[in-house]
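Chains, contacts and geometry: an overview
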Amino acid sequence: MLSVTMVGVLGIQLGVHTPLPAARRAPLLRMQIPGTNEPTTVAEASTIEGMGMATGPTFRRAEFWSNETATLVDVVNVIGRFELYSDFNVRTDFTELTKQEEREEDERQGYTYKRYQMAQRMGCVERVALIQNAPNLPFTNARLAASIGLTCEDFNAMPVTKAMCNVVYDALTESRSTLIPYTVLDQRRAKLVSEDGAFDELAFRLGLYKSRFVVVVAWFLFGKGNFVWILVAAQFLHDLRPDVVPTPKDMGLFKIGTFI
């Protein structure tokens, strides 16, 4: 049951192929497996449209419920701004939390100085560091830009958003973790660019799908998805003793599930 359901969820994330107009295919035509086809932000879509080019396939976050997405151009825009962990692992902007806020486990914890110190001691880069620093880093990889028909100047004129960084980091972490050891990040970043300097879309997708698989498994075992097991157990007991145990529907479990 779990494997079938997860395959279904992962399959939804593959999206559908929407062909690009012939006049706008050029260098992006070699990318064969698109994801979904929604733009990331209005501002960014306007910038790229103004340049008269296609954005290529769109990638979703590993957390499939998130509405954050990034196009192929977005992904390259982030990857071309760093090569090693040392290009962005140091940050100086921190969030101060109250005692109450510190007890609440949410995204804000990652922005604190305490979390930064912990990452430095562990020899790891942070997701937050990429989000904060990538927009201020110059795009310098000319071969990578040329591989999709653009230049460094083109990319430096484009914005870098939090959504773009999150999608790229999901592919790099290959898990739910917000921390990646220095050497691991350098190795995975290197794999995203082929020997001829072009963006390796397949390697990027593999990293993203590994992260998504881990997220889906965790969702079913520890998150809202674990309610499925209650329904399965209830149905099993009903099938075993229908004279004693009512169906999940009769017990009102489906109504409960909508509020979890």
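Notes on the structure in this doc start here. Keep in mind that this is a model prediction, so the values were computed, not measured. (Residues numbered from 1 in each chain as written. Predicted model: local features only at pLDDT ≥ 70, side-chain atom pairs only at ≥ 80, totals over all residues. Heavy atoms only, no water.)

Regarding the side chain of Asn141
With respect to the element layout, Asn141 can be found in the loop between helix H6 (127-133) and helix H7 (142-146). Assessed through its relative accessible area of 12%, Asn141 is described here as buried. If we skip the residues at most four places from it in the chain, Asn141 touches Gly80, Glu83, Cys152 and Arg189. (Helix = DSSP H or I, 4+ residues; strand = E, 2+ residues; numbered from the N terminus. Buried < 20%, exposed > 50% of the residue type's maximum accessible area, 1.4 Å probe, protein only. Contact = heavy atoms within 4.5 Å.)

Focus on the packing of aromatic side chains
Per the counting criterion, the structure on display carries eight aromatic pairs. On the numbers, 3.9 Å between centres and 10° between planes, the contact of Tyr85 with Tyr182 is stacked. With Tyr85 in the loop between helix H3 (72-79) and helix H4 (99-103) and Tyr182 in helix H10 (residues 182-191), this pair connects stretches of sequence that are 97 residues apart. In this structure Tyr85 comes out as partly exposed when scored by relative accessible area, which is 24%. Pairing Phe139 with Phe155 gives two aromatic rings, centres 4.3 Å apart and planes at 10°, and the pair type is stacked. Of the two residues, Phe139 is situated in the loop between H6 and H7 and Phe155 in helix H8 (residues 152-156); the sequence distance between them amounts to 16 residues. An aromatic cluster is defined as three or more aromatic residues linked by ring pairs; in this entry it consists of Phe59, Phe199 and Phe204. Lying over the aromatic face of Phe82, Arg189 brings its terminal NZ or CZ to 5.6 Å of the ring centre. (Phe/Tyr/Trp six-rings, centres within 6.5 Å; stacked < 30°, edge-to-face > 60°. Lys NZ or Arg CZ within 6 Å of the ring centre and 35° of its normal.)

Description of unusual backbone geometry
With a phi close to 55°, Glu174 is a non-glycine residue in the positive phi region. With respect to the element layout, Glu174 can be found in the loop between helix H9 (162-173) and strand E4 (179-181). Residue classification places Glu174 among the partly exposed positions, given a relative accessible area of 23%.

Notes on the pattern of salt bridges
One pass over the structure, following the stated rule, counts nine salt bridges. When the shortest N-O distance is used, the salt bridge between Arg127 and Asp170 registers 2.9 Å. One end of the pair, Arg127, is in helix H6; the other, Asp170, is in helix H9, and 43 residues separate them in sequence. An identical accessibility class is assigned to Arg127 and Asp170; each is buried. (Salt bridge = Lys/Arg side-chain N within 4 Å of Asp/Glu carboxyl O.)

Let's talk about the environment of Val73
Looking at where Val73 falls in the secondary structure, it is placed in helix H3. On a C-alpha basis, the gap between Val73 and Ala145 in space is 9.2 Å, while along the polypeptide they are 72 residues apart.

Things to note about the nonpolar core
Within the largest apolar cluster, 42 residues are counted, with the highest numbers of intra-cluster contacts made by Val75, Ile79, Phe155 and Phe204. Contributing elements (two or more residues each) for this core: H3, H6, H7, H8, H9, H10 and helix H11 (201-222). Counting residues per element, this core draws most heavily on H9, at seven residues. When near neighbours in sequence (up to four residues on either side) are disregarded, Phe155 contacts Val73, Val76, Asn77, Arg81, Phe139, Ala145, Ile148 and Leu150. (Core = buried A, V, L, I, M, F, W, Y, C linked by side-chain atoms within 4.5 Å.)

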